[in-house]
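Report on the structure
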Amino acid sequence: MKYGTFNLGEAEGVVLAHSIRLPSGRISKGQILSKEDIARMSQEGVASVVAVRLDPGDMLEDHAAAAIANVIAPDNLRFSEAATGRVNIYANADGLFVADKTVVDALNRIDPAITLACLADHVTVREGDMVATVKIIPLAVSGDGVAEAVSLLSGAVPFQVKVFHPRAVTLIATELPSLKTSVMDRTAKLLEQRLAISGSRLTKEIRISHTVERLTEVLLELKPEETRGPAMIVVFGASAVADKDDVIPAAIRRAGGEVHQVGMPVDPGNLLVLGRIGEVPVLGAPGCARSPKENGFDWVLSRLMAGEAVTSFDITGMGVGGLLMEIASRPKPRDSIIEKTADLSVGALLLAAGQARRMGNGGLHKLLAEFDGIPLARRTATMLQSSQASPVVVVTGHRRKDVEAALAGLEISCCFNPNYASGIASSLVAGFSNPELASKDGILVMLADMPSVTAEHVSMLITAFREAGGDVVIRSVSGGKRGNPVILPRVAYDAVLGLQGDVGARAIIESSGLPIIDIDIGPAAHLDVDTPEEVAAAGGILRG
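Quick look at the structure, then. As the structure is a computational prediction, the values presented were derived from the model and not from experiment.

**Looking at the pattern of salt bridges**
If you walk through the whole model with that rule in mind, you get 17 salt bridges. Note that Asp 105 is salt-bridged to Lys 101, the shortest N-O span being 2.6 Å. In this pair, Asp 105 and Lys 101 are both assigned in helix α3 (residues 101–108), four residues apart and thus about one turn of the helix distant. Look at Asp 105 and you get buried, because its relative accessible area is 18%. Lys 101 gets classed as exposed once you look at its relative accessible area, which sits at 60%. Notably, a salt bridge pairs Asp 245 with Lys 244, separated by 3.4 Å at the nearest N-O pair. Overlapping salt bridges, with partners in common, bring together Asp 129, Asp 441 and Arg 490 in one network.

This is the structure we're talking about:
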């Protein structure tokens, strides 16, 4: 391959290295110049071009990238079309991304012109996340180098996505007088959120005294017989593990199990315990797992959910990269090729759990007020069904039975928030923990008491989200004043799951650093009905 400047008289068949702008239009980089191209450039005053002339056996960048990508095992992966010498690779399922550094390094050492970049080993990915990219640096590359890369990948797996396998999990929490009940309640909720991405669920919570004897008794009671019993046990100790013979590891051994590891070189996460009773993994959670921030517990949990048999050797190999304390959230790699944004998925979360305190003491509920003979909760849910958002998940709470009765027959999912009285944060957490929504690129958050928002308004918001590429916040406004509904991108989900109390998404929107796009949908962005007078003014009728 020869790179250089070519006079037009010798330029037929060369590959253009830089785009050329002509009065009659643009000739793009990478184009193989024909007689017609040369005649056109000559007529418009071009005398020479910077280009590449291929040698026998050379391959153009797109052909080379496609040839290499085509031999990567496609299980749970999706590949883009080759463009500008690049093939991007995406996860086709929620799971654990596992990379073989030896194979990736070997490929990258064949020829500097051939590159393969991927995520770090053993990171959790969502369906649609970009996990790797094959990039050919120059416009063309030696066919021999491509053949060597293809041969290497034909006999090895550079990376894969191991799909999560849902598990039934039992939580055992030990108690001491110094440990507040509210802390234990929050611990269970956070564990449920951690399990949600894998489709796993917390099936039982047991609270016991913090003694070896009592924990041993419970572990023996849970010991599976044949196929019965939990698929995983997580133990949160009231006191941190201080020794290999402390309460949690000692109880695992007394119950007939084995302890693989006490402690890990990940901070936060040092005080983790990993054991097994029969075929059931037992995880002694470190105290930091009571926080939603990433820690060593997450690393081990994700491997177990992906079906890996985690060993002491695995855990002791986590030290490099294991200092998490000061590391900010890692951004996802961005695709340098603009994809069709219509593929970005947006689900709808309808918040219908509030107590309607401003409706007075007469037992009236604004979400049951009828607009054109239809309860407001049903009217809003039906509107969302007819929009571009899918699926529609409704969080219920106060007067759950009445609200869910008003929604009966609709193709929606209802999610009950038993802690609705604590404020809107608990409803947001319940909704964003829903597996149907957690896999979406964006979630539209809609208040159920906004009768003037239409499917057209929702479609305007979703269209703006897609056109912006999906990494922005979309906010409804009216006359420049912020309102509802809003769309939050996937990168903001973890922050939502950390909310507490009567705090909504506004704090996240304004502190996330994400771009915010305001869409004016008119007065509908501000019209909610909190009082009987507002219901009547909006055209609703309250029933006793």
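Having seen the structure, we can now continue with the description.
**What to know about the nonpolar core**
Ranked by internal contacts, the top residues of the largest apolar core, which has 41 residues, are Leu 384, Leu 407, Leu 444, Met 446, Ile 474 and Ile 487. Mapped by element, the contributors of at least two residues to this core are β21 (346–352), α10 (376–385), β24 (392–396), β26 (442–447) and α14 (455–467). For this core, the element with the most residues is α14, which contributes six residues. Setting aside residues no more than four positions away along its own chain, Met 446 makes contact with Leu 349, Leu 350, Leu 351, Thr 380, Met 383, Leu 384, Val 453 and Pro 485.

**Side note on the packing of helix α6 (residues 212–222) against helix α7 (residues 247–254)**
Packing of α6 against α7 brings their axes to within 8 Å, and their N-to-C directions diverge by 45°. As far as their axial angle goes, α7 and α6 are oblique. Taken as a pair, α6 and α7 cross one another with a handedness that is right-handed. Contacts between α6 and α7 involve Val 212, Glu 213, Leu 215, Thr 216 and Leu 219 on the former and, on the latter, Val 247, Ile 248, Ala 250, Ala 251, Ile 252 and Arg 254. A breakdown of the residues in the contact of α6 with α7 according to their chemical character gives eight nonpolar, one polar and two charged.

Cut-off values and rules
Residues numbered from 1 in each chain as written. Predicted model: local features only at pLDDT ≥ 70, side-chain atom pairs only at ≥ 80, totals over all residues. Heavy atoms only, no water. Salt bridge = Lys/Arg side-chain N within 4 Å of Asp/Glu carboxyl O. Helix = DSSP H or I, 4+ residues; strand = E, 2+ residues; numbered from the N terminus. Buried < 20%, exposed > 50% of the residue type's maximum accessible area, 1.4 Å probe, protein only. Core = buried A, V, L, I, M, F, W, Y, C linked by side-chain atoms within 4.5 Å. Contact = heavy atoms within 4.5 Å. Axes fitted to C-alpha atoms, helices over the stretch in contact; angles between N-to-C directions. Parallel < 35°, antiparallel > 145°, perpendicular 65-115°, else oblique. Left-handed = near helix turned anticlockwise from the far one by under 90°. Nonpolar A, V, L, I, M, F, W, Y, C, P; charged D, E, K, R; others polar.

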